[in-house]
Amino acid sequence: MRIYFCGSIRGGRQDVVIYQRIVQKLQTYGKVLTEHVSHGDLSEKGEDVTLKGDQSIHDRDLEWLVTADVIVAEVTQPSLGVGYELGRAVAMHKRILCLFRPSTGRALSAMIRGADSGSQSSLFRVQDYTEDEVERVLQEYFSGLSANTDTQ
Ligand SMILES: O=c1[nH]c(=O)n([C@H]2C[C@H](O)[C@@H](COP(=O)(O)O)O2)cc1CO
């Protein structure tokens, strides 16, 4: 399984430790295309763009998005890039899981929460969670996915 993980970079790196836990768990289900998003040494400046610039990051990430089987996004720390990736992924009819921590006191954008129809079979799911349940939440989502594909 090819997994595209979205997390804030230029939007702020406050949640990088939880991104690391998510990516570590996701790697038990398949290949994480965007592992770099969880790297502790990647700063708010983003990847080194001295070679080809932001366009190369954008084009590479969209190519990965096209090939991804599932998108997992940590959306607590707001990020324009993550919002853009999610919009593009919706247009590609991808299966998407957004993870949000209400304990931060933030309110998730209606354009993200409102994209989840509430049905278990919805391609776009928003899951509220607390930090200590992150692995369990991912485990439940991915076991639901394999149950779905087994019956298809
Ligand atoms: O250097 C980068 N590398 C990269 O892969 N991205 C992608 C992956 C992340 O899920 C998302 C983060 O967007 P932003 O930087 O606007 O927070 O964009 C974004 C940047 C910097 O904007």
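Since the model is a prediction, treat every value here as computed from it, not as a measurement.

Considerations on the pattern of salt bridges
Phase 1 of the analysis: Taken as a whole, this structure holds nine salt bridges when the rule is applied.
Phase 2 of the analysis: A salt bridge links Arg60 to Asp61; the nearest nitrogen and oxygen atoms lie 2.9 Å apart.
Phase 3 of the analysis: Where salt bridges share partners, they join Asp15, Glu74 and Arg101 into one cluster.

A look at the environment of Thr50
Phase 1 of the analysis: With respect to the helices and strands, Thr50 occurs in the loop between strand 2 (31–32) and helix 2 (54–67).
Phase 2 of the analysis: Judged by its relative accessible area of 67%, Thr50 is exposed.
Phase 3 of the analysis: Remark: the alpha-carbon pair of Thr50 and Ile3, spanning 47 residues in sequence, is separated by 27 Å.

Re the site of the ligand
Phase 1 of the analysis: Around the ligand lies a shell of 17 residues, among which Arg10, Glu47, Asp61, Ser79 and Glu85 are the nearest.
Phase 2 of the analysis: Gly11 places a main-chain nitrogen or oxygen 3.1 Å from an oxygen atom of the ligand.
Phase 3 of the analysis: Contact between the ligand and Glu47: a nitrogen atom at 2.6 Å from a side-chain N or O atom of the residue.
Phase 4 of the analysis: Its free accessible area being 450 Å², the ligand has 90% of it covered by the protein chains.
Phase 5 of the analysis: Under a 2 Å grid-point criterion requiring more than half of the atoms, the pocket assigned to the ligand is the largest pocket.
Phase 6 of the analysis: Mapped onto the shell around the ligand, the elements with two or more residues apiece are helix 2 and helix 3 (80–91).

Side note on the UniProt feature "binding site: substrate" (unreviewed entry) in the protein chain
Phase 1 of the analysis: The UniProt feature table records "binding site: substrate" (unreviewed entry) at Tyr4, Phe5, Cys6, Gly7, Ser8, Ile9, Arg10, Tyr19, Glu85, Ser109, Ala110 and Met111. On the basis of their most widely separated C-alpha atoms, the annotated residues across 108 residues do not gather in one place, lying as much as 22.5 Å apart. The subset of these annotated residues that lines the largest pocket comprises Tyr4, Phe5, Cys6, Gly7, Ile9, Arg10 and Glu85.
Phase 2 of the analysis: A relative accessible area of 17% places Ile9 in the buried class.

Some thoughts on the state of the cysteines
Phase 1 of the analysis: Throughout the structure, instances matching the rule amount to zero disulfides.
Phase 2 of the analysis: Cys6 carries a free sulfur, and the closest cysteine sulfur to it, the one in Cys98, is 7.7 Å from it.
Phase 3 of the analysis: Residue classification places Cys98 among the buried residues on the basis of a relative accessible area of 0%.

Cut-offs and rules
Residues numbered from 1 in each chain as written. Predicted model: local features only at pLDDT ≥ 70, side-chain atom pairs only at ≥ 80, totals over all residues. Heavy atoms only, no water. Salt bridge = Lys/Arg side-chain N within 4 Å of Asp/Glu carboxyl O. Helix = DSSP H or I, 4+ residues; strand = E, 2+ residues; numbered from the N terminus. Buried < 20%, exposed > 50% of the residue type's maximum accessible area, 1.4 Å probe, protein only. Near = heavy atom within 4 Å. Polar contact = N/O pair within 3.5 Å; in protein donor to acceptor, adjacent residues only side chain to side chain. Areas by Shrake-Rupley, 256 points an atom, 1.4 Å probe, with all protein chains shown as cover. 1 Å grid on protein atoms, 1.4 Å probe; cavity = no way out; pocket = protein on both sides within 12 Å on 5 of 7 lines; lining within 4 Å. Sits in = over half its atoms within 2 Å of the grid points. UniProt positions renumbered as here; feature names shortened; annotations may be inferred. Disulfide = S-S within 2.5 Å.

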